[in-house]
Amino acid sequence: RPPRSTLFPYTTLFRSDVARQQRGDVDLIENVPIQDLGRITANPDYKVVKALSNRVVYLHFDYIDDKPPGVVGAGDKNPFRDPRVRTAISLAIDRDAIVQRIMGGVAMPAAECLPPAMFGANKDAQVAKPDPAAAKKLLAEAGYPDGFSLTLGTPNDRYVNDALIAQAVAQMLTRIGLKTSVDAMTQSQFFARRNKRDFGFWLAGWLAD
């Protein structure tokens, strides 16, 4: 469609304007919600442009405190200090499943804390593949054959589908013996509590720029 303004080539609007775009009231929108992407791409009159974000969503461990908050049944030591425990958690997570089922295919599994197109990224970094059997073996070697319980803190309105991702991760960890519950809250509550070190294990994200 031709531009409607002599000052700007396009009218740029945000998430709430999907309905206006569907009515033909605007020429361009950005940040299309994942749940609306299907019906927009189904219309041959619309062109959707996708690009890799530099946002990386990750899981963070409290390996500093002797007794990290939310960890129960791990004895008198911090289990996150053991690389076998951290590796087991990584091997429990099916990143491809999260990308396809929760993110609608518009994300990619991360192999490190930089997107592959960014300067300094390790182009040889490999995304860990899920291996629950190997994860359970590592937990047993680390002294946790029966696992332990932990709480995963997460915002529910900061990153795309953040609470849903946390729920999926919790289910995957529970399958290897790490009984995981999710503590989800608004971002204002989450960051205030995180800064007070209320979490021993949490989901967060950063812009790798």
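All of these numbers come straight from a predicted model, not from anything done at the bench.

1. So, the overall build of the protein chain
When its secondary structure is counted, the protein chain shows seven helices and six strands. Secondary structure elements of the protein chain occur, N-terminal to C-terminal, as β-α-β-α-β-α-α-α-β-α-β-α-β. The dimensions of the protein chain, computed from C-alpha atoms along their principal axes, are 70 × 35 × 30 Å. Looking at the protein chain as a whole, 35% of its 209 residues are labelled buried. If you take every contact in the protein chain between residues at least 6 apart in sequence, the share linking residues at least 24 apart comes to 65%.

2. Section: the nonpolar core
If you look at the biggest cluster of nonpolar residues, it comprises 38 residues, and the most contacted ones within it are Phe 80, Val 85, Ile 89, Ile 98, Phe 148, Leu 178 and Phe 201. Elements that contribute at least two residues to this core include exactly helix 3 (83-92), helix 4 (95-102), helix 5 (132-141), strand 4 (148-155), helix 6 (162-175), strand 5 (178-185) and strand 6 (201-207). Sort the elements by how many residues they give to this core and helix 6 lands first, with six residues. Ile 98 has contacts with Ile 93, Met 103, Ile 165, Ala 168, Val 169 and Met 172, leaving out every residue within four places of it along the chain.

3. Here's the deal with the pairing of strand 6
Sheet faces and side chains relate simply in a regular strand, where the side chains alternate between the two faces. The buried fraction of strand 6 amounts to five of the seven residues, a majority that puts the element mostly inside the structure. The pairing of strand 3 (residues 55-61) with strand 6 spans seven bridges and is antiparallel. Of the residues in strand 6, the one forming a bridge with Phe 61 is Phe 201.

4. Details of the packing of aromatic side chains
With the rule as written, the count across this model stands at six aromatic pairs. Here the aromatic rings of Phe 61 and Phe 80 are separated by 5.1 Å at their centres, their planes lie at 50°, and the arrangement is tilted. Placement of the pair is Phe 61 in strand 3 and Phe 80 in the loop between strand 3 and helix 3, with a sequence separation of 19 residues. Ring geometry for Phe 190 against Phe 199: centres 5.3 Å apart, planes inclined by 20°, an arrangement best described as stacked. With a relative accessible area of 0%, Phe 190 lands in the buried category. Of the residues examined, Phe 199 reaches a relative accessible area of 6% and is grouped as buried.

5. A word on the confidence of the model for the protein chain
With 92% of its residues at a pLDDT of 70 or more, the protein chain shows a mean pLDDT of 88. Across residues 1-16 the pLDDT falls below 50, and counting only partners more than four positions away or on other chains, this stretch makes 24 contacts in the model.

6. Some words on the environment of Asp 66
If you trace the backbone, Asp 66 turns up in the loop between strand 3 and helix 3. Judged by relative accessible area, Asp 66 falls into the exposed class, the value being 51%. Residues Asp 66 and Ala 19, 47 residues apart in the sequence, show an inter-C-alpha distance of 51 Å. Residues within four places of Asp 66 in sequence aside, it is in contact with Lys 77, Asn 78 and Arg 81. A polar contact of 2.9 Å, which involves the side chain of Asp 66, links it to the side chain of Arg 81.

Basis of the calculations
Throughout, residues of each chain are indexed from 1 in the direction in which the sequence is written. Under the rules for a predicted model, residues below a pLDDT of 70 receive no local features and side-chain atom pairs below 80 are neither given nor counted, while totals for whole chains, interfaces and linings still include all residues. With hydrogens and water set aside, each side-chain value is computed from the structure's full complement of heavy atoms. Per the convention used, a helix needs a DSSP run of H or I reaching at least four residues, while a strand needs a run of E reaching at least two, with both numbered from the N terminus. Between buried and exposed lies partly exposed: a residue is buried under 20% and exposed over 50% of the maximum accessible area for its type, with that area taken using a 1.4 Å probe on protein chains only. Only heavy atoms enter the contact rule, under which two residues are in contact if any of them lie within 4.5 Å. Joining through side-chain atoms within 4.5 Å is the link that ties buried Ala, Val, Leu, Ile, Met, Phe, Trp, Tyr and Cys residues into a set, and such a set is a nonpolar core. Note on pairing: DSSP must find at least two bridges between two strands before they are called paired. Side-chain rings of Phe, Tyr and Trp (the six-membered ring for Trp) are treated as a pair once their centres are within 6.5 Å; stacked means planes under 30 degrees apart, edge-to-face means over 60, and tilted covers the remaining angles. Per-residue confidence from the predictor is reported as pLDDT, a score between 0 and 100. Distance and chemistry together define a polar contact, namely a pair of N or O atoms within 3.5 Å, with one atom able to donate a hydrogen and the other to accept it when in protein, and with adjacent residues in sequence counting only for side-chain atoms on both sides.

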